Amino acid sequence: QVQLVESGGGLVQAGGSLTLSCAASRRTFSSYAMGWFRQAPGKEREFVAVISWNSGAIYYADSVKGRFAISRDNAKNTVALQMNSLKPEDTAVYYCCAAQGLGPYYSDYIMYDFWGQGTQVTVSS
């Protein structure tokens, strides 16, 4: 199975930037779409961004479009989420996830097969 480990979370002031990273086990990584979800206390897990196996398709939630950027490096088995112009409402635990293919329901968390443990992002006002 694919093992995912997130890193890079922390505390940042509003308007600042933060980059999250996700390291995956090397086997079959390149065949997976990789995504990021987040979950704030008392809220449902929310789609953030996803990137196809060859980076040919990238989708963002409207709430982060223009501020966040997802990228991947298949040679290193990593995916990153660059977060700019952070807002307090971005505060959440961010989860890296993987799916065998990128389908039309990419924003639904049940479509993903593997998940990391999450990393906390806190944006202060």
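Everything that follows concerns the structure shown earlier in this document.
As the structure is a prediction and not an experimental result, all values here were calculated from the model.

1. Side note on the packing of aromatic side chains
Working step 1: Scanning the entire structure with this criterion turns up 8 aromatic pairs.
Working step 2: Relative to Y112, the ring of F37 has its centre 5.2 Å away and its plane inclined at 75°; by these criteria the two rings are edge-to-face. One end of the pair, F37, is in strand β4 (residues 33-39); the other, Y112, is in the loop between β9 (92-99) and β10 (114-115), and 75 residues separate them in sequence. Each member of the pair, F37 as well as Y112, is classed as buried.
Working step 3: An aromatic cluster of three or more residues is present, and its members are F37, F47, Y59, Y95, Y106, Y112 and W115.
Working step 4: Sitting over the ring of Y95, R45 keeps its end group 4.0 Å from the ring centre.
Working step 5: A cation over a ring is seen here: R45 above W115, with NZ or CZ 4.7 Å from the ring centre.

2. Description of the environment of L102
Working step 1: Counting through the fold element by element, L102 comes out in the loop between β9 and β10.
Working step 2: Along the backbone, L102 and A57 are 45 residues apart, and their C-alpha atoms lie at a distance of 8.4 Å.
Working step 3: Apart from the residues lying within four places of it in its own chain, the contact partners of L102 are A33, V50, S52, A57 and Y59.

3. A closer look at unusual backbone geometry
Most peptide bonds are trans, and most residues other than glycine sit at a negative phi.
Working step 1: A positive phi angle, near 55°, is found at N77, a position not held by glycine.
Working step 2: Note that N77 resides in the loop between β7 (68-73) and β8 (78-83).
Working step 3: A positive phi angle, near 50°, is found at S85, a position not held by glycine.
Working step 4: Here S85 lies in the loop between β8 and β9.
Working step 5: Residue classification places S85 among the partly exposed residues on the basis of a relative accessible area of 41%.

4. Describing the side chain of R67
Working step 1: Mapped onto the elements, R67 comes out in the loop between β6 (58-60) and β7.
Working step 2: On the accessibility criterion, R67 (11% relative accessible area) is buried.
Working step 3: Not counting chain neighbours up to four residues away, the residues in contact with R67 comprise Q82, M83, N84, S85, L86, K87 and D90.

5. Observations concerning the state of the cysteines
Working step 1: Within the structure shown, the criterion is met by 1 disulfide.
Working step 2: Between the sulfur of C22 and that of C96 lies a disulfide, 2.1 Å long from S to S. The sign of the S-S torsion, about -80°, decides the handedness of the disulfide formed by C22 and C96: left-handed. Taken together, the positions of C22 in strand β3 (residues 18-24) and C96 in strand β9 put the pair 74 residues apart, joining distant regions of the chain. C96 matches C22 in its accessibility class, with the two residues each being buried.
Working step 3: In this structure C97 is not part of a disulfide, and its nearest cysteine sulfur, from C96, lies 6.3 Å away.
Working step 4: The buried category is assigned to C97, whose relative accessible area is 0%.

Parameters and conventions
- Residues numbered from 1 in each chain as written.
- Predicted model: local features only at pLDDT ≥ 70, side-chain atom pairs only at ≥ 80, totals over all residues.
- Heavy atoms only, no water.
- Phe/Tyr/Trp six-rings, centres within 6.5 Å; stacked < 30°, edge-to-face > 60°.
- Helix = DSSP H or I, 4+ residues; strand = E, 2+ residues; numbered from the N terminus.
- Buried < 20%, exposed > 50% of the residue type's maximum accessible area, 1.4 Å probe, protein only.
- Lys NZ or Arg CZ within 6 Å of the ring centre and 35° of its normal.
- Contact = heavy atoms within 4.5 Å.
- Disulfide = S-S within 2.5 Å.

Fair warning: the whole summary comes from geometry, so function is off the table for now.
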